[in-house]
Amino acid sequence: MSIKSKLHKLRLISFYKTVWMNVHYFGIEGVFTPHFIISKNVIIRDIRGTVTIDKDSKAWLGFGDVGFIDQKYERMIWDVTGNVVFKGNASFCPGCKVVCMSNGRIEFGKEFSCNARTKIVCNKNITFGDNCMISWDCTFLDTDFHKIVDSEGQQRNIDESIQIGDHVWICSEVLVLKGSKIPSESVISVRSVVSKELREEYCIYHNNNICRENSYWEK
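Residues numbered from 1 in each chain as written. Predicted model: local features only at pLDDT ≥ 70, side-chain atom pairs only at ≥ 80, totals over all residues. Heavy atoms only, no water.

## Overview of the overall build of the protein chain
What the protein chain contains, in helices and strands, is three helices and 22 strands. Its C-alpha atoms put the protein chain at 50 × 45 × 30 Å along the principal axes. Across the 219 residues in the protein chain, those meeting the buried criterion constitute 48%. By sequence separation, contacts in the protein chain at least 24 residues apart represent 35% of the contacts at least 6 residues apart. In the form shown here, the protein chain has an accessible surface area of approximately 11,600 Å², with 51% of it arising from carbon and sulfur atoms. Here the protein chain contributes 28 positive and 26 negative side-chain charges, whose respective centroids are spaced 7 Å apart. (Helix = DSSP H or I, 4+ residues; strand = E, 2+ residues; numbered from the N terminus. Buried < 20%, exposed > 50% of the residue type's maximum accessible area, 1.4 Å probe, protein only. Contact = heavy atoms within 4.5 Å. Areas by Shrake-Rupley, 256 points an atom, 1.4 Å probe, with all protein chains shown as cover. Lys, Arg positive; Asp, Glu negative; His and termini not counted. Charge placed at Lys NZ, Arg CZ, Asp CG, Glu CD.)

Below you can see the structure in the form of structure tokens.
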């Protein structure tokens, strides 16, 4: 990274939000070894939940030079009353939304990257493996929010976990719904809807179907 890029990134940091979040989650040690670096464009909506992070790792919230968005006005939202786990470094571009409700748990593997305006909404469990890359405008939902009941009043649409393997590239505008399982070494093509368990590694998927075998992406 050039000196100019480093200075630009430094100007984007909200030192107040960075200190606040680190002290809240990690105590006074968070001031000297901050794990969160927070941009000025991040809205901290709720921090009543818990965060666990690898001791040598950092999570960058609200940074990234994405050509088609306005970094100044695309606001990232952090809304966590559940449990969030970082197993390594993670980065979230402007406009991302991380919502982990009180019953939820989100786990991010090593070297996780999330592009602009992607939404991760969890009420049960969403797990990302190592080296996952998420493109812009994707949505992950492990809940329907509203109950659907049968004639006897029994709920038909219970929350279901989402599991993403290692080294997965999810392309832009993909919707990943509850009960989805995406195997390692997979690519999910643009504007797909994933709603079930996918089984084969080294494949490109469109929706729930394989469209090309023996394929993987280079990072």
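## What to know about the nonpolar core
Ranked by internal contacts, the top residues of the largest apolar core, which has 45 residues, are Trp78, Phe86, Phe92 and Ile170. For Ile170, the contacting residues outside a window of four places in its chain are Met133, Ile134, Ser135, Cys138, Phe140, Ile164, Val176, Ile182 and Ile188. (Core = buried A, V, L, I, M, F, W, Y, C linked by side-chain atoms within 4.5 Å.)

## Some remarks on the pattern of salt bridges
The tally for this structure, following the rule as stated, stands at eight salt bridges. For the salt bridge of Lys87 with Glu107, the shortest nitrogen-to-oxygen distance reads 3.1 Å. Of this pair, Lys87 sits in the loop between strand 6 (83-86) and strand 7 (90-92) while Glu107 sits in strand 9 (residues 105-108), and the two are 20 residues apart along the sequence. Judged by relative accessible area, which is 42%, Lys87 ranks as partly exposed. Among the salt bridges present, the one from Arg191 reaches Glu173, with a minimum N-O distance of 2.8 Å. (Salt bridge = Lys/Arg side-chain N within 4 Å of Asp/Glu carboxyl O.)

## Quick word on a nonpolar patch on the surface
A cluster of nonpolar side chains, Val19, Val23, Ile28, Val31 and Phe32, forms an exposed patch at the surface whose accessible area comes to about 480 Å². Among the secondary structure elements, those contributing two or more residues to the nonpolar patch are helix 2 (15-26) and helix 3 (29-32). By the secondary structure assignment, Val31 is in helix 3. (Patch = residues over 30% accessible without salt bridge, like charges linked within 9 Å, V, L, I, M, F, W, Y side chains within 5 Å.)

## Remarks on the packing of aromatic side chains
Evaluation of the coordinates by the stated rule reveals 19 aromatic pairs. Relative to Phe26, the ring of Tyr25 has its centre 6.2 Å away and its plane inclined at 50°; by these criteria the two rings are tilted. Among the residues examined, Tyr25 registers a relative accessible area of 14% and is labelled buried. When the ring of Phe86 is compared with that of Phe108, the centres are 5.1 Å apart and the planes differ by 20°; the resulting orientation is stacked. (Phe/Tyr/Trp six-rings, centres within 6.5 Å; stacked < 30°, edge-to-face > 60°.)

## Observations regarding the sheet that holds strand 9
If you walk across this open sheet you meet the six strands as 3-6-9-12-15-18, and the pairing is parallel. In this open sheet, the two edge strands, each paired with only one partner strand, are strand 3 (50-53) and strand 18 (181-182). Across four bridges, strand 6 lies against strand 9 in parallel orientation. Paired with Val85 across the two strands is Glu107, which belongs to strand 9. (Pairing = 2+ DSSP bridges.)

## Focus: unusual backbone geometry
For Asn131, which is not glycine, the phi dihedral falls at a positive 60°. Along the chain, Asn131 falls in the loop between strand 12 (125-128) and strand 13 (133-134). One non-glycine residue, Glu185, adopts positive backbone phi at about 60°. Among the secondary structure elements, Glu185 is positioned in the loop between strand 18 and strand 19 (186-188). On the basis of relative accessible area, Glu185 is assigned to the buried category, the value being 19%.

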